[in-house]
Amino acid sequence: MSFDRSIKIAPSILSADFADFGREIQAIEAQGADWVHVDVMDGHFVPNLTFGPPAVKAFRPHVKTFMDVHLMISPVDAYIDAYAEAGADMLTAHVEAGPHIHRTLQAIRGAGMKAGVALNPGTPAEVVSDLLDLTDMVLVMTVNPGFGGQKFIDMTAKVRKVREMIGDREVHIQIDGGVDPVTAPLVTAAGADVLVAGSAVFRGGSVDNPAPYGENIAAIRAAAQEI
């Protein structure tokens, strides 16, 4: 996939109908999703349990765009190959999840995936300054990870710092947490280009009535571009 800084909407399937993931993925893509975001939680690094490699492998045939897998797990390294084999296009690890994030990013790229690095709200931007040549994306969390539907935490100053540090490198800035038409322009104005949205995309729709998904995606995209 060629690099560009156009606004990309990445619906989080954590907000989808768990009994019908295949059709939900097809529906959001048909309604304008640019990426499909998969939140992996381990009940240890964050207080919730979600998708292991077999689930990601089951999602893969339905994803025609780009499968963006966000690991909220610790440790990470032992699972990199399994998620690569499951078909992840991008694998994002938290800088807080282990002592050797540099090695983790090397291993993700070595397994043939794009490498992302995530920052919790309490972690400063400067932590990624020595990682930018090893990463394809910096994920700035705008909620504390672990649950969908949380209220947005304003991290625009951090996003600006990350964007400044990236300079002319081909590195995306992703935002995850509380993204909707109100908050999207705040982070895109600061330099973000990939917006994860869960409840704000899936609200009001279903696989049998997917039009609201498209309306929600379009509303977030339009707001994000008003900068």
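None of the values given here were measured: they were computed from a predicted structure.

### A word on the packing of aromatic side chains
- One pass over the full model with this rule turns up seven aromatic pairs.
- Aromatic side chains Phe18 and Phe21 sit 4.9 Å apart centroid to centroid with 45° between the ring planes, which places their arrangement in the tilted category.
- Judged by relative accessible area, Phe18 falls into the partly exposed class, the value being 48%.
- Seen in terms of ring centroids, Phe21 and Phe51 are 5.4 Å apart; in terms of plane orientation they differ by 85°. Their pairing is edge-to-face. Of this pair, Phe21 sits in helix H1 (residues 21-30) while Phe51 sits in the loop between strand E2 (36-41) and helix H2 (53-59), and the two are 30 residues apart along the sequence.

### Description of the pairing of E2
- For E2, the buried fraction is high: six of the six residues fall into the buried class.
- Burial along E2 is two-sided: the face carrying Val36, Val38 and Val40 and the face carrying His37, Asp39 and Met41 are both buried.
- Taken together, the six bridges between E2 and strand E3 (residues 67-72) define a ladder with parallel strand orientation. Across the sheet, Asp39 pairs through a bridge with His70, a residue of E3.

### Describing the environment of Val127
- As for its position among the elements, Val127 is in the loop between strand E5 (114-119) and strand E6 (137-141).
- For the pair Val127 and Arg109, spaced 18 residues apart in sequence, the C-alpha separation works out to 20 Å.
- Apart from residues lying up to four places away in sequence, Val127 is in contact with Val95 and Leu119.

### Here we look at the layout of surface pockets
- Reported here for the largest pocket is a volume of approximately 300 Å³.
- Together, 25 residues line the largest pocket, and Gly148, Gly149, Gly177, Gly178 and Gly198 are the ones closest to its centre.
- The set of elements that each furnish at least two residues to the lining of the largest pocket consists of E2, strand E8 (194-197) and helix H7 (199-202).
- Here the lining of the largest pocket is built from residues that sort into eleven nonpolar, ten polar and four charged.

### Description of the pattern of salt bridges
- One pass over the full model with this rule turns up nine salt bridges.
- Note that Lys8 and Asp193 form a salt bridge whose closest N and O atoms lie 3.5 Å from each other. Placement of the pair is Lys8 in strand E1 (residues 8-11) and Asp193 in the loop between helix H6 (184-190) and E8, with a sequence separation of 185 residues. The residues Lys8 and Asp193 share a single accessibility class, namely buried.
- Each member of the salt-bridge network shares a partner with another, and the members are Asp4, Lys8 and Asp193.

Criteria and thresholds
- Residues numbered from 1 in each chain as written.
- Predicted model: local features only at pLDDT ≥ 70, side-chain atom pairs only at ≥ 80, totals over all residues.
- Heavy atoms only, no water.
- Phe/Tyr/Trp six-rings, centres within 6.5 Å; stacked < 30°, edge-to-face > 60°.
- Buried < 20%, exposed > 50% of the residue type's maximum accessible area, 1.4 Å probe, protein only.
- Helix = DSSP H or I, 4+ residues; strand = E, 2+ residues; numbered from the N terminus.
- Pairing = 2+ DSSP bridges.
- Contact = heavy atoms within 4.5 Å.
- 1 Å grid on protein atoms, 1.4 Å probe; cavity = no way out; pocket = protein on both sides within 12 Å on 5 of 7 lines; lining within 4 Å.
- Points joined across faces, edges and corners; volume = space filled by probe spheres on them.
- Nonpolar A, V, L, I, M, F, W, Y, C, P; charged D, E, K, R; others polar.
- Salt bridge = Lys/Arg side-chain N within 4 Å of Asp/Glu carboxyl O.

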